[in-house]
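Summary of structural features
Listed here are the chains, written in short residue letters.
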2 protein chains.
Amino acid sequence: MNTHTSQDTPFIPAPWITTVAGYLLTRLAEAGLASVFGVPGDDNLGILDAIADRPDLAWIGMATEQGAGYAADSYARLRGIGALVTTFGVGELSALNAIAGAYAESVPVVHIVGTPALAAIQTGTTRHHNLPGRDYGHFARMAAEVTAAQADLRPDTAPEEIDRVLSTALRTSRPVYLTIPADVAGIPVLAPAGRLPRAAGDADPAVVAAFTGRARRMLAAAASASLLVGHLASRHRVTAQVRDLAIAGDLPVAVLPEAKGDFPESDPRFAGLYAGPDPYPSAKRARVAVEDADVLITVGVTLADTILGGAHQLPEGRRIVLDPGQACIDGIVYPGIGMRQSLAILAAAVRSMPPRAALADLPPFEAAPDVRGGQLTHGSLWARVQDLLRPGDLLIADQGTAFYGAAGLTLPDGAQLLGQPLWASTGWALPAALGASLAAPDRRVVLIAGDGAMQQTAAELGTMLGQGLAPIVIVLSNGGDPIEQAIHRASAGYDEFPAWDWTALPAAVAPASSPVALRVETSRELAWALNRAHYQAGTGRPVLVEAVLPASDAPLMLQELTRALAAPDR
Amino acid sequence: MNTHTSQDTPFIPAPWITTVAGYLLTRLAEAGLASVFGVPGDDNLGILDAIADRPDLAWIGMATEQGAGYAADSYARLRGIGALVTTFGVGELSALNAIAGAYAESVPVVHIVGTPALAAIQTGTTRHHNLPGRDYGHFARMAAEVTAAQADLRPDTAPEEIDRVLSTALRTSRPVYLTIPADVAGIPVLAPAGRLPRAAGDADPAVVAAFTGRARRMLAAAASASLLVGHLASRHRVTAQVRDLAIAGDLPVAVLPEAKGDFPESDPRFAGLYAGPDPYPSAKRARVAVEDADVLITVGVTLADTILGGAHQLPEGRRIVLDPGQACIDGIVYPGIGMRQSLAILAAAVRSMPPRAALADLPPFEAAPDVRGGQLTHGSLWARVQDLLRPGDLLIADQGTAFYGAAGLTLPDGAQLLGQPLWASTGWALPAALGASLAAPDRRVVLIAGDGAMQQTAAELGTMLGQGLAPIVIVLSNGGDPIEQAIHRASAGYDEFPAWDWTALPAAVAPASSPVALRVETSRELAWALNRAHYQAGTGRPVLVEAVLPASDAPLMLQELTRALAAPDR
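Parameters at a glance
Residues numbered from 1 in each chain as written. Chains lettered and ligands numbered in written order. Predicted model: local features only at pLDDT ≥ 70, side-chain atom pairs only at ≥ 80, totals over all residues. Heavy atoms only, no water. Contact = heavy atoms within 4.5 Å. Buried area = accessible area lost by both parts, 1.4 Å probe. Salt bridge = Lys/Arg side-chain N within 4 Å of Asp/Glu carboxyl O. Buried < 20%, exposed > 50% of the residue type's maximum accessible area, 1.4 Å probe, protein only. Helix = DSSP H or I, 4+ residues; strand = E, 2+ residues; numbered from the N terminus. Pairing = 2+ DSSP bridges. Right-handed = clockwise from strand over helix to strand, strands pointing away. Least-squares fit on C-alpha atoms with pLDDT ≥ 70 in both. Axes fitted to C-alpha atoms, helices over the stretch in contact; angles between N-to-C directions. Parallel < 35°, antiparallel > 145°, perpendicular 65-115°, else oblique. Nonpolar A, V, L, I, M, F, W, Y, C, P; charged D, E, K, R; others polar. pLDDT = per-residue confidence, 0-100. Phe/Tyr/Trp six-rings, centres within 6.5 Å; stacked < 30°, edge-to-face > 60°. Lys NZ or Arg CZ within 6 Å of the ring centre and 35° of its normal. Polar contact = N/O pair within 3.5 Å; in protein donor to acceptor, adjacent residues only side chain to side chain. Left-handed = near helix turned anticlockwise from the far one by under 90°.

Time to look at the interface of chain A and chain B. Counting residues at the interface gives 73 residues for chain A and 74 residues for chain B. Interface of chain A and chain B: buried area, both sides summed, is about 6,000 Å²; carbon and sulfur atoms make up 63% of it. It is Glu145(A), Trp423(A) and Tyr494(A) that lose the most area in chain A upon contact with chain B, and together they represent 11% of the buried surface on that side. Joining chain A to chain B, the criterion identifies 2 salt bridges. Its salt-bridge partner being Arg141(B), residue Glu145(A) comes within 2.6 Å of it at the nearest N-O pair.

Here is the structure:
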């Protein structure tokens, strides 16, 4: 026994007694969580009791588990942590698409599943919500494919397991999976005594020195350098450090669509959106900044086909790649260096760079055509949405025409675009707007989604309005899927789906909220409707606008992208 | 080379050339499939093209993949095979709950997933709808947990792999999983030359002889014998053989709720529903038949907690257990004997039984109290639904108050109850009603579901009405979950969810179908509404009835069951 150590230990007050569920909730609240999404089920009621007992956590009962997962996803993007509670089998499997999406898009969502009591599992009879037989591990094995860490909680190890799994979620910015048997949730354990451990270990000083020396030499020899920002910069909370680096070197900064709004677009260093296959016409400034730079520094970039159509032309051999947990120059990986550290190293390095190509040498932004009259088209629609935007807005756009249209907007300062272009699951945006509204109650939320996408999660409109949330909702109504039609064939029949009367839906799913629902078919009608929505925002009365669009129209960026995605070898 | 064999082979005309997708569809049509459910996605369009090219297959585009899975489930229960098509990742994961449900409930659903082209997978870049990295196997490994067979199709092995997987689905009555890369669907292969192999091998004659001898001695010594029928009798298509056995021995027949309607309730041998924990009061006749029998023959029975509350009292040591693929007497398993064979053996054996307790010795059926006046309650609701039922009706009831209320009804000849009491996923019934309507277009479909369950899949009401289907829809509207309230605590807040105006929903999701939607609050109003629905059936104009019920009321069987499920060790 090491008495020496115990003599050195300062006095620590004994933590209070809580329960397994209480310990988990305390850690989640510590990480910034204030709303828990989910659906009640017979195996998670003990967890819900523990939530109901906490004044600092609100239970947001959703119509569907998938909706709960999507809401927790957007909530986590804005608050750094999100959580949903489902029940064994039937509940958790309905959330799997949302959890996989959180993995693909790098979002720290904690999936908490109430499972049958240990006593019930041990009897071995067939139980509802399970497959026939005694194997209760099917769903945990499925969850392990789409989460970064997992634990099935037991009273004697629950605190350390909860800390391990939540630390992984925060460090990796990936979803995790925790199961709590019904007879374990309420078992007493000590409450957390210290803070949740978060950081990975420091990088080896020799590795840091090697990276620093190599980066300095490369930048010192370069005539120009640029930054390309991906979504992992925001997910790992280093967007301020990205800006510091840009300012330190007066570097042009281009962003990928999934990082839209993560660098201020009013900043003179902003070079625009790097997106779409070559030669995507409206982003020449960004293309020159990225592809013609002597050195390109990428920060948290994932190159995916839905962003660049598979035809990106990043300079090979002149790249400094900053990723979570590692950096890379010319194919040499420098392990253990987080983006916060690597960005700071580069900020110091660029200060000693020689004078280089001025930002003014970049091509100017090309303004989108200002189409404002006549029947509504994607051209005139996005011009009107541009007029609506205000600083700080949260624009939530579903995959498809909505996201690629929104990605082409100019975002006012502090405004952000949230979308799901990597996982690309239609229907994400409506529950995501709910999650965003709760995560950032002081910001205005504008939800834009196609009618097919809205149908997939339409029930959560009732949940959202029932919670008293009143984002501006714009449904792009065209009764078909322009992406599939463009990729495959223009009119195959199976791309069509039943037309809904969107103006009648709010009164059906939220009769108590007296929503305003308007159908518009011309650019002027849309301007009028959005004006009304703008002045009504904050009154608590929601506005839904059904914008009727031509069946095969699509935003310019999407037209380019689908041409690339339709290539025969894909 | 064996020239001898080729000389013996008769002339077989060469089969025509089809494609990989075409081969699969030909086999599905051969098995009885006429409707394919699903959602288009960028990786399954080649499969949808192949469906569109076939006049014998209808594509039913659903709002959600979960809805497609549920529809395929009920379709398969009625037709012996069901299928859905989804797309890689985002699509297939949204269907996983439905597929797991098909496994738990033993339903042969074929899940067909369009995946990225082999060429795209081999490039190794991050692709949308996948997790980061080069591993394209995450979702197939997940699917393997909830399906009985799987194959990732390649042109050179596709025919044999399709045959292997579909044969497994039909033989085991379980879901299976087939992935077709986008560049494989259209590759030419030979069309099927013969019939799809279905049967398992015959049982060992010595095993059959041993089983026959043992069963004969047991029955010869018995003063009485009874039958208890579970859902696997219907799934493995032996309900006619069950009836043959009952007639051969003049045996009383009790059914579990999941086999409700699988034995004619007007047959004098019908002993009623064996359900609920002891002493469930309204099933004394069934209880005596099952528990007091000298020999109990169970056919395709799975003992699950949601059926019997964990408190069944089947006679031990006097049971002949007939299951798919095996029989069992006193714990001794006789492998390889299918139910069709074992039922035939027993039918021969019971003919030589001594005279035994007459059916007339069983207690009479106890009539449910005939409550018809005043505000609507579960008592009066089910009395009115009973009046509505006609021979041949398909009653689709969601898990919860709907299923346990429906299980207490007396079914007219040929009427069936479809529910999901083993997997117990709320929201199943609405898409299941759609699937049932297409599987059995000549039968009247009555859908009954609680409001919380209906919210989960409400979008498919638009799909159903958009297809021109017009079942009678009854929504049990009480704004809460009586099961969770009864299991756990009466009013915990988290069991409540937003109230919808159900009478306004049909016009929002199916404006073209001019649906009739009525809200009723008294027994007389319900009678009037159901009368209207009855006379309107067949006009193609759908009727939705919102039946307003007290918040904590529940059918009698459910009240008994929830008392058992709330026991502390569960």
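All names here are of chain A. Side chains Leu 394 and Ile 396 of strand E16 (residues 394-397) all project onto a buried face; the interleaved residues Leu 395 and Ala 397 project onto the opposite face, where all are buried too. Judged from the 3 bridges that link them, E16 and strand E17 (residues 416-418) form a sheet pairing that is parallel. Bridge pairing in E17 places Leu 395 opposite Leu 417. Considered for its hand, the β-α-β crossover made up of E16, helix H17 (residues 401-407) and E17 is right-handed.

What follows covers the relation of the copies chain A and chain B. For the match of chain A to chain B, the screw axis carries a shift of 0.0 Å, the RMSD comes to 0.0 Å, and the turn is 180°. These values place the two chain copies in the arrangement generated by a two-fold rotation axis. Every residue of chain A has its C-alpha some distance from the rotation axis, and the shortest such distance is that of Met142(A), at 2.4 Å.

Next up on the list: the sheet that holds strand E2 (residues 35-38) of chain A. All names here are of chain A. Spatial strand order, E3-E2-E4-E5-E7-E6: 6 strands in an open sheet with parallel pairing. At either end of the open sheet lies a strand with only one pairing partner, and these are strand E3 (58-61) and strand E6 (150-152). Taken over all neighbouring pairs, the strand axes of this sheet differ in orientation by 20° on average, direction set aside. One ladder, built from 6 bridges, connects strand E4 (residues 82-87) with strand E5 (residues 109-115); its direction is parallel. Note on E5: the bridge partner recorded for Thr 86 is Val 113.

Attention now moves to the sheet that holds strand E19 (residues 472-477) of chain B. Residues and elements named next belong to chain B. Sheet architecture is open: 6 strands sit in the order E17-E16-E18-E19-E21-E20, paired in parallel fashion. Each edge of the open sheet is held by one strand with a lone partner, namely strand E17 (416-418) and strand E20 (516-520). Strand after strand, the sheet turns through a mean of 15° between neighbouring axes, direction not considered. As paired elements, strand E18 (residues 445-450) and E19 share 5 bridges and run parallel to each other. For Val 446, the partnering residue across the bridge sits in E19 and is Ile 472. Along the sheet, helix H23 (residues 523-536) contacts E19, E20 and strand E21 (543-548); its crossing angle with E20, the most-contacted strand, is approximately 160°.

What follows concerns the pattern of salt bridges. Oppositely charged side chains may form a pair once their charged atoms are brought near each other. Applying the stated criterion across every chain yields a total of 42 salt bridges over all chains. Between Arg235(B) and Glu105(B) there is a salt bridge, and its shortest N-O distance comes to 3.6 Å. With Arg235(B) in helix H11 (residues 231-235) and Glu105(B) in the loop between helix H6 (96-104) and strand E5 (109-115), this residue pair connects regions lying 130 residues apart in the sequence. Taking the relative accessible area as the measure of exposure, Arg235(B) reaches 11% and is therefore buried. Look at Glu105(B) and you get buried, because its relative accessible area is 0%. Note that Arg269(B) and Asp267(B) form a salt bridge whose closest N and O atoms lie 2.9 Å from each other. Neither residue differs from the other here; Arg269(B) and Asp267(B) are each classed as buried. A single network of salt bridges, built from pairs that share partners, joins Arg27(A), Glu30(A), Asp163(A) and Arg195(A).

Before going further, it helps to examine the packing of helix H4 (residues 65-79) of chain B against H6(B). For any two helices packed against each other, the geometry comes down to the angle between their axes and how far apart the axes lie. Residues and elements named next belong to chain B. Packing of H4 against H6 leaves a shortest axis separation of 7 Å and a crossing angle of 20°. As judged from the angle between their axes, H4 and H6 are roughly parallel. Contact with H4, carried on its side by Gln 66, Gly 69, Tyr 70 and Asp 73, involves Asn 97, Ala 98, Gly 101 and Ala 102 of H6 and no other residues of that element. Tallied by class, the residues present in the contact of H4 with H6 amount to 3 nonpolar, 4 polar and 1 charged.

This part is about the confidence of the model for chain A. Parts of the prediction with low pLDDT should not have their coordinates interpreted in detail. Residue and element names in this part refer to chain A. When pLDDT is averaged along chain A, the result is 89, and 89% of the positions lie at 70 or above. Every residue in residues 1-7 is under pLDDT 50, and counting partners more than four places away or in other chains gives 0 contacts. The complex model carries a pTM of 0.94, and its ipTM stands at 0.93.

Applying the stated rule across the entire model yields 18 aromatic pairs over all chains. Ring centres of Phe263(A) and Phe270(A) lie 6.5 Å apart, and the angle between their planes is 20°; this geometry places the pair in the stacked category. Summarising the burial analysis for this pair, Phe263(A) and Phe270(A) share the class buried. Ring pairs connect the aromatic residues Phe88(A), Tyr136(A), Phe139(A) and Trp423(B), which therefore count as one cluster. Sitting over the ring of Phe365(A), Arg285(A) keeps its end group 4.7 Å from the ring centre. Lying across the ring of Tyr103(B), Arg174(B) places its NZ or CZ 4.8 Å from the centre.

Structurally, the position occupied by Ser477(B) is in strand E19. Those residues in contact with Ser477(B), other than ones at most four positions away along the chain, are Asp451(B), Trp502(B), Glu546(B), Ala547(B), Val548(B) and Leu549(B).

With that settled, the discussion passes to unusual backbone geometry. All names here are of chain A. One non-glycine residue, Ser 106, lies in positive phi territory at about 60°. Within the fold, Ser 106 resides in the loop between helix H6 (96-104) and E5. Residue Ser 106 is classed as buried on the basis of its relative accessible area of 1%.

All names here are of chain A. Burial of strand E20 (residues 516-520) is one-sided: the residues Val 516, Leu 518 and Val 520 facing one way are buried, the residues Ala 517 and Arg 519 facing the other way are not. The pairing of E20 with strand E21 (residues 543-548) spans 5 bridges and is parallel. By the bridge assignment, Leu 518 is partnered in E21 with Val 545. Remark: the E20/helix H23 (residues 523-536)/E21 crossover connection has right-handed handedness.

On to the environment of Gly392(A), then. Residue and element names in this part refer to chain A. Along the chain, Gly 392 turns up in the loop between helix H16 (378-388) and E16. Relative accessible area serves as the criterion here: at 17%, Gly 392 is assigned to the buried category. Leave out the neighbours within four places in its chain, and Gly 392 touches Asp 413, Gly 414, Ala 415 and Arg 443.

Mapped onto the secondary structure, Ala100(B) falls in helix H6. Given the relative accessible area of 0%, Ala100(B) is considered buried. Along the sequence, Ala100(B) and Gly540(B) sit 440 residues apart, while their C-alpha atoms lie 33 Å from each other. For Ala100(B), the residues in contact, after removing those within four places along its chain, are Leu93(A), Leu131(A), Val146(B) and Trp423(B).

A distance of 2.9 Å separates the side chain of Arg235(B) from the backbone oxygen of Glu105(B), its partner in a polar contact. The contacts of Arg235(B), once residues within four sequence positions are left out, are Arg77(B), Glu105(B), Ser106(B), Val107(B) and Ser173(B).

This part is about the packing of helix H4 (residues 65-79) of chain A against helix H18 (residues 429-439) of chain A. Residue and element names in this part refer to chain A. Contact pair H4 / H18: the axes reach a minimum separation of 7 Å and the direction vectors enclose 40°. Judged by the inter-axis angle, H4 sits oblique to H18. The two elements H4 and H18 cross, and the hand of that crossing is right-handed. Counted together, Gly 67, Tyr 70, Ala 71, Ser 74, Tyr 75, Leu 78 and Arg 79 of H4 and Pro 431, Ala 432, Gly 435, Ala 436, Leu 438 and Ala 439 of H18 form the full contact between these two elements.

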